[in-house]
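One letter stands for each residue in the lines below.
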Amino acid sequence: MPYSIPNDDRLEEAIRAVIGRDTQIRSQSMMTDLVLKELRKESEDYRVSGERIRRVAIERNILRIDIDYNQHDDRTSPDVCPVCGYPMAAVNNTTLSGGAARIGRQCTKCPYQTGSKRRTPGRYTFSKGHISKSGMNTDDRVTLIKDASELMKKAAAMVESATKGTEYGRRGKSCANNIKRTITSKKNANSLTSISKDMRSGSDDPEWTKALTSVKNTKLKDI
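The model shown is predicted, which means the values in this text are computed figures rather than measured ones.

### A short note on the packing of helix H2 (residues 28–39) against helix H3 (residues 50–59)
Two quantities define a packed helix pair, namely the angle between the axes and the distance from one axis to the other.
Then, number 1: Orientation of H2 relative to H3, taken along the N-to-C sense of each, is 90°, at an axis distance of 9 Å. For the element pair H2 / H3, the angle class is roughly perpendicular. Contacts between H2 and H3 involve Gln28, Met31, Thr32 and Val35 on the former and, on the latter, Gly50, Glu51, Ile53 and Arg54.
Then, number 2: A breakdown of the residues in the contact of H2 with H3 according to their chemical character gives 3 nonpolar, 3 polar and 2 charged.

Here's what the structure looks like:
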């Protein structure tokens, strides 16, 4: 059976028409069905894959894409982005010795990222707007905070180990405890635990303010 493949310009027109009518499309299969329906207004012979629709949309910055991930136990990461095919770049963190430690990889074009454990795309959500490299979703941000917490725990242990049994032992232990409090304190708005909870909640009243007697908690009566 003969079929036709739309060129990139025709495919862009169809994608723009679809996202102009439906400002959020919650799966790639749904996006594919809608784009094909739009293309077949011109010709029933058109065929196009969901992957090509996604890659053209990203390449031409037609819409915004959010990614839900599946996480795996292994620590491998791709050299080429599985979402759009662009190269991946290392995400590094400065070590105590001044070097660089790789904590993940990020696509140079789209929002795809993978951290200390490998992540693969599970579901795509397409929205009206444009791709922004600074526009990480909540899961991405919480994962980076979690990775930072693990690195800081290692730093605290290294400081304590380096100073133990020396005249600097008390100071080293105090420094290590300060690092640990920066990670875990539930009373400090700037701790990683508080920041992570606030990111997840998306609340106007941060989680750390929500003690029973807090006047800052709008969901409880002031006292």
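### A few points about the state of the cysteines
Then, number 1: Considering all chains together, one arrives at 0 disulfides under this definition.
Then, number 2: A disulfide-free cysteine, Cys84 has its sulfur positioned 3.5 Å from the sulfur of Cys107, the nearest such atom.

### Observations regarding the packing of helix H1 (residues 8–21) against H3
Then, number 1: The N-to-C vectors of H1 and H3 enclose an angle of 90°; their axes lie 10 Å apart at closest approach. Considered as vectors, H1 and H3 are oriented roughly perpendicular to each other. In contact with Asp8, Leu11 and Ile15 of H1, H3 contributes Arg52, Ile53, Val56 and Ala57.

### Points about the packing of aromatic side chains
The description of an aromatic ring pair uses the distance of the two centres, along with the angle that the planes make with each other.
Then, number 1: Following the criterion strictly, the structure yields 2 aromatic pairs and no others.
Then, number 2: For the ring pair Tyr124 and Phe126, a centre distance of 6.2 Å and an interplane angle of 35° mean the geometry is tilted.
Then, number 3: Residue classification places Tyr124 among the buried residues on the basis of a relative accessible area of 9%.
Then, number 4: For Phe126, a relative accessible area of 2% translates into the label buried.

### Re the confidence of the model for the protein
Then, number 1: Overall, the prediction assigns the protein a mean pLDDT of 83, with 82% of residues at 70 or greater.
Then, number 2: Throughout residues 203–223 the model reports pLDDT below 50, and contacts reaching past four residues in sequence, or to other chains, amount to 27 contacts.

### A few points about the sheet that holds strand S2 (residues 64–71)
Then, number 1: Reading across from one edge, S1-S6-S2 is the order of the 3 strands in this open sheet, with antiparallel pairing throughout. Each edge of the open sheet is held by one strand with a lone partner, namely strand S1 (24–25) and S2.
Then, number 2: Bridging between S2 and strand S6 (residues 119–127) involves 8 bridges; their strand directions are antiparallel. Paired with Asp68 across the strands is Arg123, a residue of S6.

### Some remarks on the side chain of Arg105
Then, number 1: By the element assignment, Arg105 lies in strand S4 (residues 100–107).
Then, number 2: The class of Arg105 is buried, set by a relative accessible area of 12%.
Then, number 3: For Arg105, the side chain forms a polar contact with the side chain of Asp79, separated by 2.7 Å.
Then, number 4: In contact with Arg105, other than residues within four places in its own chain, are Ser77, Pro78, Asp79, Met88, Ala89, Ala90, Val91, Gln113 and Thr114.

### Things to note about the nonpolar core
Then, number 1: Of all hydrophobic cores here, the largest spans 31 residues; its most connected members are Ile15, Met31, Val35, Val83 and Tyr112.
Then, number 2: Looking at this core element by element, the count peaks at 5 residues for H1.

### Digging into the pattern of salt bridges
When their charged atoms lie close together, side chains carrying opposite charge are able to pair.
Then, number 1: Applying the stated rule across the entire model yields 15 salt bridges.
Then, number 2: Between Arg60 and Asp9 there is a salt bridge whose closest N-O contact spans 2.7 Å. Here Asp9 lies in helix H1 and Arg60 lies in the loop between H3 and S2, a separation of 51 residues in the sequence.
Then, number 3: Looking at Arg60, the relative accessible area reads 29%, which means it is partly exposed.
Then, number 4: The closest approach of N and O atoms between Arg21 and Glu38, which form a salt bridge, is 3.0 Å. Taken together, the positions of Arg21 in helix H1 and Glu38 in helix H2 put the pair 17 residues apart, joining distant regions of the chain.
Then, number 5: Given the relative accessible area of 13%, Glu38 is considered buried.
Then, number 6: Each of Asp9, Glu12, Arg16 and Arg60 takes part in one network of salt bridges that share partners.

What counts and what doesn't
- Residue indices follow the written sequence of each chain, beginning from 1 at its first position.
- Local features in this predicted model are restricted to residues of pLDDT 70 or higher, and side-chain atom pairs are both shown and tallied only at a pLDDT of 80 or more, whereas totals for entire chains, interfaces and linings draw on every residue.
- Side-chain figures throughout are based on the complete set of non-hydrogen atoms in the structure, without hydrogens or water.
- In this description, a line fitted to the C-alpha atoms serves as the axis of each element, helices being fitted only across the stretch in contact, and the angle between N-to-C directions of two axes falls anywhere from 0 to 180 degrees.
- Secondary structure follows DSSP: runs of H or I at least 4 residues long count as helices, runs of E at least 2 residues long count as strands, and numbering of each begins at the N terminus.
- By the definition adopted for this analysis, an angle is roughly parallel if under 35 degrees, roughly antiparallel if over 145, roughly perpendicular if from 65 to 115, and oblique otherwise.
- Here, residues are in contact when the closest pair of their heavy atoms is within 4.5 Å.
- Under the convention adopted here, Pro, Cys and the residues Ala, Val, Leu, Ile, Met, Phe, Trp and Tyr are nonpolar, Asp, Glu, Lys and Arg are charged, and Gly plus all remaining residues are polar.
- Cysteine sulfur atoms that pair up within 2.5 Å are treated as a disulfide.
- Side-chain rings of Phe, Tyr and Trp, where Trp is taken by its six-membered ring, are said to pair if the distance between their centres is within 6.5 Å; with planes under 30 degrees apart they count as stacked, over 60 as edge-to-face, and otherwise as tilted.
- For each residue, the accessible area found with a 1.4 Å probe, counting protein chains only, is set against the maximum for its type, and the residue is called buried under 20%, exposed over 50%, and partly exposed in between.
- pLDDT gives the predictor's per-residue confidence on a scale running from 0 to 100.
- At least two bridges found by DSSP between two strands are what make those strands a pair.
- Counted as a polar contact is a pair of N or O atoms within 3.5 Å, where, for protein atoms, one must be capable of donating a hydrogen and the other of accepting one, and residues adjacent in sequence contribute only when both atoms are in side chains.
- Among buried residues, those of type Ala, Val, Leu, Ile, Met, Phe, Trp, Tyr and Cys that are joined through side-chain atoms within 4.5 Å constitute a nonpolar core.
- Salt bridges are identified by distance alone: a Lys or Arg side-chain nitrogen within 4 Å of an Asp or Glu carboxyl oxygen.

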